[in-house]
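Close look at the chain arrangement
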Amino acid sequence: MGTETSNIVILTGAGVSAESGIDTFRAAGGLWEQHRVEDVATPEAFERDPELVLRFYDMRREAIQTKQPNAAHLALARLDREWSAQPGRSVLIVTQNVDDLHERAGAENVLHMHGTHLNAWCTACDARPGWTGPLIHRPPCPECDSPALRPDIVWFGEMPYRMDEIYAALGRADLFVSIGTSGAVYPAAGLVRQARDLGARTLELNLERSQGSRWFHETRLGPATKVVSEWVD
Ligand code: BJW
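Worth saying up front: this structure is predicted, and the values here are computed from it rather than measured.

What follows covers the site of the ligand. Around the ligand, the surrounding shell holds 37 residues, and the nearest of these are G13, G15, Q96, S182 and Y186. When residues of the shell around the ligand are traced back to their parent elements, those giving at least two are α1 (15-18) and α2 (37-40). A breakdown of the residues in the shell around the ligand according to their chemical character gives 20 nonpolar, 11 polar and six charged. Each of domain 1 (1-22 + 69-114 + 160-233) and domain 2 (23-66 + 116-153) accounts for three or more of the residues forming the shell around the ligand.

What follows covers the domain arrangement of the protein chain. Entries for the protein chain in the domain assignment read domain 1 (1-22 + 69-114 + 160-233) and domain 2 (23-66 + 116-153). A C-alpha centroid distance of 25 Å is found between domain 1 and domain 2. Each side of the interface is counted separately: domain 1 has 11 residues, and domain 2 has nine residues. Here the residues of the side of domain 1 that touches domain 2 are counted per class, giving five nonpolar, four polar and two charged.

Judged by nonpolar contacts, the single largest core of 41 residues is most densely connected at V9, I10, L76, A173 and F176. When contributions to this core are tallied by element, the ones reaching two or more residues are β1 (7-12), α5 (71-84), β2 (90-95), α6 (101-105), α7 (163-172), β6 (175-179), α8 (191-197) and α9 (224-232). Setting aside residues up to four positions removed in sequence, I10 forms contacts with L76, V91, I93, V94, V177 and I179. Counting six residues, the second largest nonpolar core, distinct from the first, contains A41, V53, Y57 and V98.

Residues other than glycine predominantly adopt negative phi, and peptide bonds predominantly adopt the trans conformation. Here the residue pair Y186 and P187 is connected by a cis peptide bond, since its omega of 5° sits within 30 degrees of zero. Assignment of secondary structure puts P187 in the loop between β6 and α8. You will see that R162, though not glycine, has its phi angle at about 55°, which is positive. Positionally, R162 belongs in the loop between β5 (149-153) and α7.

Now for the sheet that holds strand β3 (residues 110-112). Across the sheet, six strands lie side by side as β3-β2-β1-β6-β7-β8; this open sheet has parallel pairing. The open sheet is flanked by β3 and β8 (218-221), the only strands paired with a single partner. Strand-to-strand, the axes of this sheet are offset by a mean angle of 20°, without reference to chain direction. Note: β1 against β2, six bridges, orientation parallel. Bridge pairing in β2 links V9 to L92. This element, α5, spans β1 and β2 of the sheet and lies at about 150° to β2. Seen against the sheet, α7 touches β1, β2, β3 and β6 and runs at an angle of roughly 135° to β1.

The rules we used
- Residues numbered from 1 in each chain as written.
- Predicted model: local features only at pLDDT ≥ 70, side-chain atom pairs only at ≥ 80, totals over all residues.
- Near = placed C-beta within 6 Å.
- Helix = DSSP H or I, 4+ residues; strand = E, 2+ residues; numbered from the N terminus.
- Nonpolar A, V, L, I, M, F, W, Y, C, P; charged D, E, K, R; others polar.
- Domains from an automatic or database assignment.
- Contact = placed C-beta atoms within 7 Å.
- Core = buried A, V, L, I, M, F, W, Y, C linked by C-beta atoms within 7 Å.
- Buried ≥ 20, exposed ≤ 12 C-beta atoms within 10 Å, placed from the backbone.
- Pairing = 2+ DSSP bridges.
- Axes fitted to C-alpha atoms, helices over the stretch in contact; angles between N-to-C directions.

So this is what it looks like as structure tokens:
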């Protein structure tokens, strides 16, 4: 980690949950009933065919609830707890993932920039109730009774959550680590350049080089359960 390191920002993507059995988005065969994620995860797709989109998300929400954190989630949770407990040190795990495996592994400082499967979002009253069941039958919002619930997921064309907090954390970071993300989706894919411009050292841990690999000072390739555990230890 280096003795000069104090503030660590960790960006995680689908690759960190792959070994828990949750499919990544852009792997070979990363299609759902012949639809690309870019064709399902948009507000336009939801308007055009809400049943298709809700069926897709109900299936994914149900699948995620049966999965367990893996050694990479556990190592990051340990790092978060132990590093953040020391004066003047901080960890922020910025995850693009909509599963809750970082939290279930015991991590506390987790920010879900693309939302979470475990909330619904009411577009009528802006409530975000916890949600574990299906949405396909358009249940009423527990707050305002309107049938305007949708998954609390950031779709293409929508603004990712809590960007101000993310940029502020990058401004303080001396180490930026990207784990299991292809670097295909912005603004997450651009965070490495911002971190680097702001003076942080940058490290990539991934199965293969990401699209933005050249922006990292160092890259370590391998499955997350191995490379993340080795890095944390
Ligand atoms: C392993 C492993 C193992 C496998 N161990 N590793 C240029 C600039 C800015 C924006 C744009 C731009 N051009 C286009 C845009 C717009 C668009 C975008 O980026 N499109 C691209 C397709 C080009 N972005 C947006 O619309 C975003 N909003 C936005 O830009 O608002 C305006 C704005 C601008 C500037 C500042 C602020 C705001 C919203 C993006 C929303 C993304 N939503 C999704 C879907 C929701 C989740 C769901 O449906 O369940 O989020 S898309 C999908 O991709 C999901 C993921 O979070 C995201 C990233 O994917 P990820 O995690 O990288 O997964 P994969 O599959 O791509 O990669 C997995 C990696 O793991 C691979 O590298 C493997 O090798 C590796 N791996 N097994 C370690 N065992």
